[in-house]
Amino acid sequence: MEAGLRDRLYRDPTAKAGIVHLGLGAFFRAHGAIYVAQAGGWGITGVSLQSPGTRDRLQPQGWAYTAVELGPDGEKPQVVTVLRDVLVASEDRQAVLDAMASPATHIVSLTVTEKGYCHEPSTGRLNRDHPDIAHDLANPLPRSAPGFLVRALAARRAAGLPPFTVLCCDNLPENGRVVRGVVGELARLIDPALADWILANGAFPATMVDRIVPAATPADLDRLEAAAGYRDEAPVMHEPFRQWVIENDFCGPRPAFETVGVQMVADVTPYEHMKLRMLNGTHSSLAYLGYLAGHETIADTMADPVFARFVRGLWRHEIIPALTPPPGEDPGAYADALAARYANPAIRHRTWQIAMDGSQKLPQRILGTIAESRAAGRAVPGLTLAVAAWMRYTSGRDEQGAAIEVRDPLALRLAALWRDDPAQTVAGFLRLAEVFPPALREDAGFAADVTDALAGLVRDGARACIQGRVDA
Ligand code: CS2
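The rules behind each value
- Residues numbered from 1 in each chain as written.
- Predicted model: local features only at pLDDT ≥ 70, side-chain atom pairs only at ≥ 80, totals over all residues.
- Heavy atoms only, no water.
- Salt bridge = Lys/Arg side-chain N within 4 Å of Asp/Glu carboxyl O.
- Buried < 20%, exposed > 50% of the residue type's maximum accessible area, 1.4 Å probe, protein only.
- Helix = DSSP H or I, 4+ residues; strand = E, 2+ residues; numbered from the N terminus.
- Core = buried A, V, L, I, M, F, W, Y, C linked by side-chain atoms within 4.5 Å.
- Domains from an automatic or database assignment.
- Contact = heavy atoms within 4.5 Å.
- Phe/Tyr/Trp six-rings, centres within 6.5 Å; stacked < 30°, edge-to-face > 60°.
- Lys NZ or Arg CZ within 6 Å of the ring centre and 35° of its normal.
- Near = heavy atom within 4 Å.
- Polar contact = N/O pair within 3.5 Å; in protein donor to acceptor, adjacent residues only side chain to side chain.
- Areas by Shrake-Rupley, 256 points an atom, 1.4 Å probe, with all protein chains shown as cover.
- Nonpolar A, V, L, I, M, F, W, Y, C, P; charged D, E, K, R; others polar.
- Buried area = accessible area lost by both parts, 1.4 Å probe.
- Pairing = 2+ DSSP bridges.
- Axes fitted to C-alpha atoms, helices over the stretch in contact; angles between N-to-C directions.

**Re the pattern of salt bridges**
It is possible for side chains bearing opposite charge to pair when their charged atoms get close. In this structure the tally under the stated criterion is 30 salt bridges. We note a salt bridge from Arg-231 to Glu-225, for which the minimum N-O separation is 2.8 Å. Taking relative accessible area as the criterion, Glu-225 reaches 33% and is therefore assigned partly exposed. With a closest N to O distance of 3.2 Å, Glu-233 and Arg-231 form a salt bridge.

**Let's talk about unusual backbone geometry**
Despite not being glycine, Thr-113 has its phi angle at roughly 70°, a positive value. Judged by its relative accessible area of 33%, Thr-113 is partly exposed. Phi at Asp-357 takes a positive value of approximately 60°, unusual for a residue other than glycine. By the element assignment, Asp-357 lies in the loop between α14 (351–355) and α15 (358–375).

**Some details on the nonpolar core**
Met-278, Leu-289, Trp-315, Ile-370, Trp-390 and Phe-436 are the most contacted members of the largest nonpolar core, which totals 69 residues. A domain-level breakdown of this core finds at least three residues from each of domain 1 (2–265) and domain 2 (269–466). Look past the residues within four positions of Met-278 in its chain and what remains in contact with it is His-273, Trp-315, Ile-319, Ile-320, Leu-323, Pro-331, Tyr-334, Ala-335, Leu-338 and Tyr-342. Of all hydrophobic cores here, the second largest spans 38 residues; its members include Ala-99, Val-108, Leu-126 and Trp-197.

**A few points about the packing of aromatic side chains**
Taken as a whole, this structure holds 9 aromatic pairs when the rule is applied. Plain terms: the ring middles of Phe-250 and Phe-257 are 6.4 Å apart, the flat faces sit at 45° to each other, and that makes the pair tilted. Classification of Phe-250 by relative accessible area gives buried; the value is 15%. For Phe-257, a relative accessible area of 1% puts it in the buried group. Judged by centre distance (5.9 Å) and plane angle (40°), the ring pair of Trp-315 and Tyr-342 falls under tilted. Within this pair, whereas Trp-315 is found in helix α12 (residues 305–319), its partner Tyr-342 is found in helix α13 (residues 331–343), the two being separated by 27 residues in sequence. Both residues of the pair, Trp-315 and Tyr-342, count as buried. Feature note: the residues Tyr-35, Trp-244, Phe-250 and Phe-257 constitute an aromatic cluster, connected by ring pairs. One residue, Arg-242, lies across the ring of Tyr-35, its end atom 3.9 Å from the ring centre. Its end group placed over the ring of Phe-250, Arg-254 keeps NZ or CZ at 5.7 Å from the ring centre.

**Overview of the site of the ligand**
In the region of the ligand, the neighbouring residues are Asn-171, Val-209, Asp-210, Arg-211, Ile-212, Lys-275, Asn-280, His-283, His-349, Ile-354, Lys-361 and Arg-365. One of the side-chain nitrogen or oxygen atoms of Asp-210 is found 2.6 Å away from an oxygen atom of the ligand. Contact between the ligand and Arg-365: an oxygen atom at 2.9 Å from a side-chain N or O atom of the residue. Across the complex, the protein chains shield 89% of the 340 Å² of accessible surface that the ligand would expose by itself. Secondary structure elements with two or more residues in the shell around the ligand: β8 (207–210), α10 (269–292) and α15. In terms of residue count, α10 provides more of the shell around the ligand than any other element does, 3 residues in total. Among the residues forming the shell around the ligand, the class breakdown is 3 nonpolar, 4 polar and 5 charged. Composition of the shell around the ligand by domain shows at least three residues from each of domain 1 (2–265) and domain 2 (269–466).

**A short note on the domain arrangement of the protein chain**
As assigned here, the protein chain comprises domain 1 (2–265) and domain 2 (269–466). Placing a centre on the C-alpha atoms of domain 1 and another on those of domain 2 gives a separation of 28 Å. Opposite the 29 residues of domain 1 that make contact, domain 2 presents 30 residues. Between domain 1 and domain 2 the total buried area reaches about 2,300 Å² when both faces are included, carbon and sulfur atoms providing 59% of it. The residue Asp-210 makes a salt bridge to Arg-341 at a minimum N-O spacing of 2.9 Å. At the boundary of domain 1 and domain 2, one finds 10 residue pairs in polar contact (both at pLDDT 80 or more). Those elements that provide at least two residues to the side of domain 1 that touches domain 2 are β3 (65–71), β8, β10 (243–247) and β11 (263–265). The dominant element in the side of domain 1 that touches domain 2, judged by the number of residues it contributes, is β8, at 4 residues. Taken together, the residues that form the side of domain 1 that touches domain 2 break down as 14 nonpolar, 8 polar and 7 charged.

**Side note on the environment of Leu-153**
Within the secondary structure, Leu-153 sits in helix α6 (residues 145–158). Between the C-alpha atoms of Leu-153 and Ala-101, which are 52 residues apart in sequence, the distance is 6.9 Å. Setting aside chain neighbours within four positions, we find Leu-153 in contact with Pro-163, Phe-164, Val-183, Leu-194, Trp-197 and Ile-198.

**Quick notes on the pairing of β8**
Regular strands place their side chains on alternate faces of the sheet. By the alternation rule, side chains of β8 split into Thr-207 and Val-209 and Met-208 and Asp-210, which are all buried. Bridge count for β8 against β10 is 4 bridges, and the pairing is antiparallel. Directly across from Thr-207, in β10, lies its bridge partner Ile-246.

**Considering the sheet that holds strand β7 (residues 165–168)**
Spatially, 5 strands are ordered β5-β2-β1-β6-β7 in an open sheet, and the strand pairing comes out parallel. Looking at which strands have only one partner, the edges of the open sheet turn out to be β5 (83–88) and β7. On average, each strand axis in the sheet is inclined to that of its neighbour by 25°, with strand direction left out of account. The pairing of strand β1 (residues 16–22) with strand β6 (residues 107–110) spans 4 bridges and is parallel. Bridging across to β6, Ile-19 finds its partner in Ile-107. Packed on one face of the sheet, α6 meets β1, β6 and β7 and runs near 175° to β6.

If you want it as structure tokens, here you go:
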């Protein structure tokens with residue numbers, strides 16, 4: 001019989017778990033987990049908050065999986081054996097709290113997506129009306145990521161243990177500060193002394209994470225099996241590029257990240273701004289406009305010369321002028337590298353996948369640049385068009401009138417905002433205080449520009465609007 005993945009494992013016998021990771025999606029398995037594996041000496045207990053699918057696929061493989069690099073010169077698989085265990089919170093919340101509260105745990109890292117922090121995207125503050133937060137205030141066995149952090153930290157305090165470092169790896173602006181804020185606020189509602197202890201002794205380093213990781217498809221699994229000679233039910237597919245910038249602020253031990261290319265810095269903000277606005281901002285713009293124009297993936301969108309020119313224009317005329325780049329970084333060169341990464345045809349990153357959860361993503365990706373640019377008197381027609389495209393997309397109908405499966409925590413509310421009159425649609429959207437900052441909600445000129453863009457999208461379609469509007 002063919003040797004399976006389980007038979008190919010090599011594990012560092014000295015490596016203890018040390019890290020509990022909440023949100024065991026493809027991104028973390030293709031990014032943070034590989035850095036931790038390469039740094040050596042540490043293992044990871046993965047936690048899925050909701051679905052048992054990843055656990056069920058990984059368990060028969062002894063928690064090992066293949067990470068496949070999709071490069072210009074072919075596919076390079078490597079087997080990752082850094083996971084020690086996988087827990088499913090919805091099945092056993094206490095087991096997750098126990099792992100987090102264990103004296104062996106020093107770091108709790110998170111990729112729970114933007115919406116997983118139960119915060120208000122426009123302000124970064126805890127959303128106390130969130131049903132999971134209401135639940136977690138009343139129950140010792142939590143549902144939300146902030147709830148798990150607070151209850152596990154409470155257990156550590158009660159046991160006389162130090163807190164763990166909370167390492168947020170989601171694409172939020174100043175992600176460490178946001179998580180510190182929601183954890184502190186939730187803890188204060190439960191026990192003010194606990195909040196004081198966490199804020200005085202805990203650590204919430206900010207990070208910038210980057211690697212493009214499209215969802216693996218059944219065809220990817222079959223291709224890997226043919227090439228590697230074993231079946232992996234849970235591989236991850238990723239581009240060659242990776243970057244991880246971490247604020248060097250831990251309250252306990254950590255892997256030797258600096259030995260494997262992680263940039264340990266004093267201030268992550270300029271890196272994170274550059275990445276969120278230049279990469280994620282254009283990703284979302286291409287996702288809404290590209291989807292409406294009938295493009296399935298980012299690479300397909302970039303192969304359309306009208307879109308390739310559009311995204312160049314976004315960088316050059318709208319995003320870079322509003323940016324303070326990190327010391328020594330050349331944003332023009334960063335943009336060139338992004339264009340090449342997007343065009344990689346081996347990466348089948350669906351516009352639909354990126355379009356998900358726009359209400360949680362737009363503020364940090366696009367609206368910040370728009371608000372700052374408008375305040376400085378700079379025109380941002382391309383990003384304004386992207387905002388209008390998000391409104392059109394969330395109406396749930398594409399340009400041919402076919403239904404779009406819109407995934408967003410606000411999906412129902414967003415769909416109900418659509419009117420035949422674009423001015424009324426835009427007015428409804430701009431009342432969403434959790435999405436739009438006050439500066440844009442109160443800016444009549446912005447409302448007029450978005451209305452204009454939306455009317456154009458409805459009349460002419462996304463591709464024609466782009467062609468007519470923006471010049472590289
Ligand atoms: C993407 C990101 O799905 C999305 O919203 O923009 O997942 C993006 O691929 C990563 O942030 C790249 O680092």
